[in-house]
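Given next are the chains, with one letter for each unit.
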Amino acid sequence: MKKIISWIIGFSVIICMFGSVELMSFAAEQTEDIEKTQLGSTDTYYSYDADSKTLTISGSGSTPDFRNDSASQPWYLWRGSIGHVVVEEGITEIGDYFFYNVRALDFDLPSTLVSIGRYAMSQINSASSIVLPEGLVTIEDYAFYFSMALESVNVPSTVTSIGTSAFENCTALESVTFDDLYSDISIGRRAFFYCGSLDSVTVPKRASMLSYSFGFYSASKGSVYSDFVMNVYRDSPAYTYAVNNIVNYNIINEMEIVEGQSVDCTYYIDSYRDEMIFIFTPQVSDFYSFYSTGGVDVDCTFNDVLYDDNSLDDLNFTVSSYLEAGQAYYFTVNCVSRMSLGDFTVHLTREHQYDSVVTPPTLTQDGYTTYTCRYCGCSYKADFVSRTGVRVTGRVVLMESPDGSHENNLPVFGAVLSVGESNLTLTDNNGEFEFYVQPTNEKLCIGTAFSVERTFDITYDADMEMDLGDVCLVNFDYNRDGYINAKDFAVLRGVYGEYSPEDKEIYAAFDCNGDGKVNDDDFSYARNFLTYGKITQCIYD
């Protein structure tokens, strides 16, 4: 009787709302194909196949918002004759009034869809069911308002908001299910108002609800369907909604839990000793832990074994076991003490079984051990061992005066760094160097063809680092005879002028300031040394 009354009232409302002019628009039929046509200034398009009566929406991003008129909705005059709707991948939002009053038998929605706009699918009065894609986030106000043929709705786990009157007056709606009974979802005012065929619904534990969300057929009188039942968790907003609105309800105490999930729970005085049963079906055979945290004294029964705390101040439990993939396991949680009612959380995590592979340290890289789970393949690195080499860094600059000053920090390009018989590296264009060397008692030598080399002990800190900072180098023995005198001045004068980039390596020692030419500017750096005479390492002291 409830369904018959709902249908009669709903049909009467439809007639009053839309009248004969509205109904005439459904008599028109589109008999010719429509090629791909842009929708407004968006990157979305529509096309129509007249033989199959299929309207296709393609492109990317959001479709435009429409109004309920022929000026905005392209298929307004022949929407009643559309048989099928296909929304292709790439479409992310269906705009307001987009499919308003489209009488297609089916709507194929893409996995890229995240939002269904206001009145977007209102009064689609031929489709009995629509598959809402995983990834959908928002169902806006009035989205399916007065879609009176719709019989079932499954809400994906990704949906966070169902708007005001989103499914109001869906009078044939018999089934509403939620993929995730622990989702944070808001259910708007009158979201499922006047859904006379809906006998029951199981509401997610953390769902927030506004007035007349479920069960009502009259707001002004506060009338609730007498045979409608809400299945609710006792510590949930839905339970409070049912009690406050005198809606029939059943307490449910079972919940599917997945690997890595944490579930917040609350025990009240009237729920003391209520059992909560968590059902876990592992995807991979492995060792798992199910445990609680918080200030409530709880225990857990698993495989007929009671797991309880060991002392009065230890309130929580831990269950660890090897579980087979594909088999359902039941963890039954009880509140033990009236003195510790309140909030707690249960968690389910995997305990991995690892195989290890050692990567030994090298001169330049730290060693480590890679641990890989033999069941799931996940891995991590640990047990690091420092590299065997000392990392030596610094910068070679030109000594501009015998007093050791280098105020201009002019880089020395191509200086050779060696230890023993091995040349390790050259300084770069900025005079900088970095290399690795084994700890040794041999000296580090730094020099060029035009300088007396400098020597350093190999010392390092706890991180195997040795930073020499700025290293000054006398670089004016252009004649390469161990003296700096007029002969070097003659060599310097002989190479005055510009040089090509290809000759940089040859002229770098003469071009002290690195400006691409050898001239008096470079002589100004060398002149303090050109009468110096014999040079030895003591010049660096």
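Residues numbered from 1 in each chain as written. Predicted model: local features only at pLDDT ≥ 70, side-chain atom pairs only at ≥ 80, totals over all residues. Heavy atoms only, no water.

## Side note on the overall build of the protein
Worth spelling out the cut-off: Every helix listed is a DSSP run of H or I at least four residues long, and every strand listed is a run of E at least two residues long, numbered separately from the N terminus. Our radius of gyration looks at C-alpha atoms and nothing else; its globule reference is 2.2 Å times the residue count to the power 0.38. We call a residue buried when its accessible area falls under 20% of the maximum for its residue type, exposed when it is over 50%, and partly exposed in between, using a 1.4 Å probe and counting protein chains only. Between two residues, a contact is recorded if the distance between any of their heavy atoms is within 4.5 Å. All accessibility values rest on the Shrake-Rupley procedure with a 1.4 Å probe; residue burial counts only the protein chains present in the view.
A tally of regular secondary structure across the protein gives five helices and 42 strands. The C-alpha radius of gyration of the protein comes to 40 Å, more than 25% above the 24 Å expected for a compact globule of 541 residues. Oriented by its inertia axes, the alpha-carbon framework of the protein measures out at about 120 × 75 × 40 Å. Scored against the burial criterion, the 541 residues of the protein give a buried share of 46%. Intrachain contacts of the protein at a sequence separation of at least 6 include 52% that bridge at least 24 residues. Of the roughly 25700 Å² of accessible surface on the protein, a fraction of 48% belongs to carbon and sulfur atoms.

## Quick look at the environment of Cys265
Examined against the element boundaries, Cys265 turns out to sit in strand E21 (residues 262-267). Judged by its relative accessible area of 4%, Cys265 falls in the buried class. Linking Cys265 and Glu324, residues 59 residues apart in sequence, is a C-alpha distance of 27 Å. For Cys265, the contacting residues outside a window of four places in its chain are Lys205, Asp235, Phe278, Gly342, Asp343 and Phe344.

## Description of empty space enclosed by the protein
Cut-off, in case you're wondering: Using a 1 Å grid laid over the protein atoms alone, points where a 1.4 Å probe fits but cannot get out form a cavity; open sets with protein on both sides within 12 Å along at least 5 of 7 lines form a pocket; any residue with an atom within 4 Å of a point counts as lining. Grid points are joined across faces, edges and corners, and a volume is the space filled by probe spheres set on the points. All residues other than Ala, Val, Leu, Ile, Met, Phe, Trp, Tyr, Cys, Pro, Asp, Glu, Lys and Arg, Gly among them, are scored as polar; the first ten of these are nonpolar and the last four charged.
For the coordinates displayed, the defined rule picks out one cavity of 30 Å³ or more. For the largest cavity, the calculated volume is near 40 Å³. As for the largest cavity, its lining consists of Phe192, Tyr194, Cys195, Leu198, Phe214, Gly215, Phe216, Tyr225 and Phe228. Along the lines of polarity and charge, the residues of the lining of the largest cavity split into eight nonpolar, one polar and no charged.

## Section: the sheet that holds strand E19 (residues 248-251)
The condition is simple: Each pair of strands is called paired provided DSSP finds at least two bridges between the two strands. Every angle, taken between N-to-C directions, lies between 0 and 180 degrees, and every axis is a line fitted to C-alpha atoms, over only the stretch in contact when it is a helix.
Reading across from one edge, E14-E18-E19 is the order of the three strands in this open sheet, with parallel pairing throughout. The sheet terminates laterally at strand E14 (200-202) and E19, the two strands that pair on one side only. Averaged over all pairs of adjacent strands, the angle between their axes in this sheet comes to 20°, without regard to strand direction. Contacts between helix H2 (residues 237-244) and the sheet are confined to strand E18 (229-232) and E19, with E18 contributing the most and set at about 150° to the helix.

## Observations concerning the sheet that holds strand E4 (residues 61-62)
One open sheet accounts for seven strands, arranged E4-E6-E8-E9-E11-E13-E15; its pairing is parallel. Strands at the two margins of the open sheet, each flanked by one partner only, are E4 and strand E15 (208-209). Where strand E6 (residues 91-94) lies against strand E8 (residues 115-116), two bridges are found, and the strand directions are parallel. Looking at the pairing, Ile94 lines up with Ile116 of E8.

## Regarding the environment of Pro74
As for its placement among the helices and strands, Pro74 is situated in the loop between E4 and strand E5 (84-87). Overall, the relative accessible area of 32% leaves Pro74 in the partly exposed class. Between the C-alpha atoms of Pro74 and Glu140, which are 66 residues apart in sequence, the distance is 22 Å. Once residues lying within four places of it in the same chain are set aside, the contact partners of Pro74 are Leu39, Tyr46 and Phe66.

## Topic: unusual backbone geometry
A negative phi angle is the norm for most residues apart from glycine, just as the trans form is the norm for most peptide bonds. We note that Gln123 has phi near 60°; this positive angle belongs to a residue other than glycine. Note that Gln123 resides in the loop between E8 and strand E9 (138-139). A positive phi angle, near 55°, is found at Asn303, a position not held by glycine. By the secondary structure assignment, Asn303 is in the loop between strand E24 (298-302) and strand E25 (305-307). Look at Asn303 and you get exposed, because its relative accessible area is 55%.

## Some thoughts on H2
Where we set the bar: The directions from the helix axis to the C-beta atoms are what the arc is built from.
Along H2, the residues classified as buried are Ala238, Tyr239, Tyr241 and Ala242. Each buried residue of H2 sits inside an arc of 160° when the element is viewed along its axis, so together they form one side. Turning to H2, the residues buried within the fold contact E15, strand E16 (216-218), E18 and E19. With its phi angle positive at about 55°, Ile246 sits one or two positions after the end of H2.

## Re the nonpolar core
Rule in force here: The criterion is simple. A nonpolar core is a set of buried Ala, Val, Leu, Ile, Met, Phe, Trp, Tyr and Cys residues joined through side-chain atoms within 4.5 Å.
Within the largest apolar cluster, 69 residues are counted, with the highest numbers of intra-cluster contacts made by Trp75, Phe99, Phe144, Ile162, Phe214 and Met230. Secondary structure elements with two or more residues in this core: strand E2 (44-49), strand E3 (54-59), E5, E6, strand E10 (152-155), strand E12 (175-178), E18 and H2. Tallying contributions element by element places H2 first for this core, with four residues. Beyond its immediate stretch of four places on either side in the chain, Phe99 contacts Leu55, Ile57, Gln73, Val85, Val87, Ile94, Phe107, Ala120, Met121, Ser122 and Ile124. Formed by 43 residues, the second largest nonpolar core is a distinct cluster that contains Val390, Leu444, Val471 and Phe529.

Shape descriptors only; they carry no functional weight alone.
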